Amino acid sequence: MKKSIGIDKLEVGMFMEADVKEGAKGGGGKNNVLLAGKGFLITSENQIKRLREAGMQNVTIDTSKGKDSGSAVAIQAPKPIVMPREPRKKPLPEGRKVEYKDELKKARATRNVVQKQLKSALADAAIGGSMDRTKLDAAGKLITDSVFRNVDAMVGLTRLKEHDPYTANHCINVCVITLAVAFADGVDQSTAEMLATATLLHDIGKTKVPLEILNKPGRFEPHELEEMRKHTTYGRDVLMDMPGVTEEMMLIATQHHEMLNGEGYPNHLAGEEIHRFGQMTAVADVYDALTSARVYKPALPPHFALGKIYSNRNIEFREDLVNLFVKALGLYPVGSLVQLNTNEIAVVCEPNPGNTLQPKVGVFVTRYKKLRTVPFVVDLADPNPSEERKIVKVMDPTKYNIDVEKFMKMCTG
Ligand SMILES: [Fe+2]
Ligand SMILES: [Fe+2]
């Protein structure tokens, strides 16, 4: 029940109605702001004092929500606050020590640090200076540590493409993907660290290729192609002058364009003649090149690049390494644009390790073809989904003019 009472009758425990601006007319003026709202429970003498100061003379109280005037209605004890139960944490997927999202933040920072180190090392090498091996090893260790905490985070970031003359980003991507394959192969951490430094430097020989060839926007003339291909042997030469470089590191520089069928370069090695790490780097190198845009070709969506590599198993690449590669990246790598059975369109934003067919996706186009401002993330492997969803088609973002990376970032934060 509502009733009007004088301000002097107002007591702690009464519920005051919101219509207080009326009451404050000619009184508090600018203090009215104090009184706006949907009404409130008077809980202290101080509130009453402030209402008086605001010029209130009469107020309306609601006795159904608080104490009545002149009565001894007790203030209802507030209901105990029940803390929401912590959502039960799912166990981490096999081989992952931290959550994907948690590692992603660290992986981004790591990538930025490594990028700076590598750019400066490549620039030093380009002018014939010596590279700081300690810094390169430290950069390789940072990436390896991230991969060993949660490999999927660093791999996810390889979708973010940039181009620079000495291809620092390409080298980081090749490093991460090679490490992901090596990790799936069960490599130990110290070998992984060696692999990291080696793959960061796999194209170091490009610093010896004349810039007009290196930066040529179009396809190469035969003599230019020949020079460009020499970056493999140039790489070996550069590394030879570096202290503490192992034979395996030099093999990665020279063999990362060799193919299983002997049609690679520079030495047309075939089969077992190619070191396992050389082949791992070759798979990663081709994948990054296929998924990167060039002046003369658009970027191939990750799923299609994966398919191309898969169809070349036992031809250009060892089958067991291709299988490890698919295991490491998932059948729908992060950044893939997919259509669901619900007609929604989504971007793959997180893999489900051990379940290459059912990643986590961010839905950003509804079944009614409406663009969502914020994508909502669905785990396709959820055993109790609100609605059954599965991938029915992989789409080419260039055909739909969709900025996949933008949506990827929105999903992963
Ligand atoms: Fe290369
Ligand atoms: Fe490369």
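Residues numbered from 1 in each chain as written. Chains lettered and ligands numbered in written order. Predicted model: local features only at pLDDT ≥ 70, side-chain atom pairs only at ≥ 80, totals over all residues.

So, about the overall build of the chain. Of the regular secondary structure elements, the chain holds 15 helices and 9 strands. Within the chain, buried positions represent 39% of all 413 residues. Of the contacts made within the chain by residues no fewer than 6 positions apart, 66% connect residues no fewer than 24 positions apart. (Helix = DSSP H or I, 4+ residues; strand = E, 2+ residues; numbered from the N terminus. Buried ≥ 20, exposed ≤ 12 C-beta atoms within 10 Å, placed from the backbone. Contact = placed C-beta atoms within 7 Å.)

Where strands meet in a sheet, backbone hydrogen bonds hold them as pairs that are either parallel or antiparallel. Read from one edge of the open sheet, 5 strands run S8-S7-S6-S5-S9, paired in antiparallel fashion. Each having just a single partner strand, strand S8 (371–379) and strand S9 (391–395) make up the two edges of the open sheet. Going from strand to strand, the sheet's axes swing by 40° on average, the running direction of each strand aside. One ladder, built from 3 bridges, connects strand S5 (residues 337–340) with strand S6 (residues 345–352); its direction is antiparallel. Residue pairing for S6: Gln339 is matched across the bridge by Ile345. (Pairing = 2+ DSSP bridges. Axes fitted to C-alpha atoms, helices over the stretch in contact; angles between N-to-C directions.)

Taken together, the buried positions of helix H10 (residues 247–255) are Met249, Leu251, Ile252, Ala253, Thr254 and Gln255. Of the surrounding secondary structure, the elements contacted by the buried residues of H10 are helix H6 (189–200), helix H9 (231–240) and helix H11 (276–290).

The subject of this paragraph is unusual backbone geometry. Looking along the chain, the bond that leaves Tyr265 and enters Pro266 is cis, with omega of 10°. Relative to the helices and strands, Pro266 resides in the loop between H10 and H11. At Asn343, a residue that is not glycine, the phi angle is positive and equals roughly 75°. Exposure remark for Asn343: the 12 C-beta atoms within 10 Å place this residue in the exposed category. Backbone geometry places Lys369, a non-glycine residue, at a positive phi of 65°. Residue position: Lys369 is located in the loop between strand S7 (355–365) and S8.

Next up on the list: the nonpolar core. Membership of the largest hydrophobic core comes to 88 residues, with the highest contact counts inside it found for Ile143, Leu179, Ala180, Val181, Val283 and Val347. In terms of residue count, the dominant contributor to this core is helix H5 (residues 168–184) (12 residues). Lining this core are residues from two domains, each supplying at least three of them: domain 2 (100–329) and domain 3 (337–412). Met16, Ile42, Met56 and Ile61 belong to the second largest nonpolar core, which has 9 residues in total. (Core = buried A, V, L, I, M, F, W, Y, C linked by C-beta atoms within 7 Å. Domains from an automatic or database assignment.)

Before going further, it helps to examine the confidence of the model for the chain. Averaged over every residue, the pLDDT of the chain is 86; residues scoring 70 or more account for 88%. Counting contacts from residues 20–34, a segment whose pLDDT is below 50, to residues more than four positions away or on other chains yields 26 contacts. Below pLDDT 50 for its whole length, residues 72–77 participates in 5 contacts with residues either more than four positions away or in separate chains. (pLDDT = per-residue confidence, 0-100.)

For the pair H10 and H11, the least separation of the axes is 8 Å and the interaxial angle reads 45°. Classified by the angle their axes make, H10 and H11 are oblique. In the crossing of H10 with H11, the sense of the turn from one axis to the other is right-handed. Facing Glu248, Leu251, Ile252 and Gln255 of H10, the residues of H11 in contact are Phe277, Gly278 and Thr281. (Parallel < 35°, antiparallel > 145°, perpendicular 65-115°, else oblique. Left-handed = near helix turned anticlockwise from the far one by under 90°.)

Note on placement: Arg313 falls in the loop between helix H12 (302–311) and helix H13 (319–329). Distance from Arg313 to Asn323, taken between C-alpha atoms, is 8.6 Å for residues 10 residues apart in sequence. Apart from the residues within four sequence positions on either side, Arg313 is in contact with Glu319 and Val322.

Glancing now at the packing of H6 against H10. One can describe the packing of H6 onto H10 by two numbers: an axis separation of 9 Å at closest approach and a directional angle of 35°. For the element pair H6 and H10, the recorded crossing hand is right-handed. Touching Met194, Thr197, Ala198 and Thr199 of H6 are Glu248, Met249 and Ile252, all from H10. Residues that form the contact of H6 with H10 fall into these classes: 4 nonpolar, 2 polar and 1 charged. (Nonpolar A, V, L, I, M, F, W, Y, C, P; charged D, E, K, R; others polar.)

Take Tyr287: it is sitting in helix H11. By the C-beta count within 10 Å, which is 25 here, Tyr287 ends up buried. It is 8.4 Å that separates the C-alpha atoms of Tyr287 and Val174, two residues lying 113 residues apart in sequence. Excluding its chain neighbours within four sequence positions, the residues that come into contact with Tyr287 are Ile177, Ala305 and Ile309.

Glancing now at helix H4 (residues 133–157). Taking 1.5 Å per residue, 25 residues should reach 36 Å; H4 reaches only 25 Å between its end C-alpha atoms and comes up short. The largest bend in H4 is about 125°, located at Asn150. (Expected span 1.5 Å × (residues − 1). Bend = angle between axes of the 7 residues up to and from the residue.)

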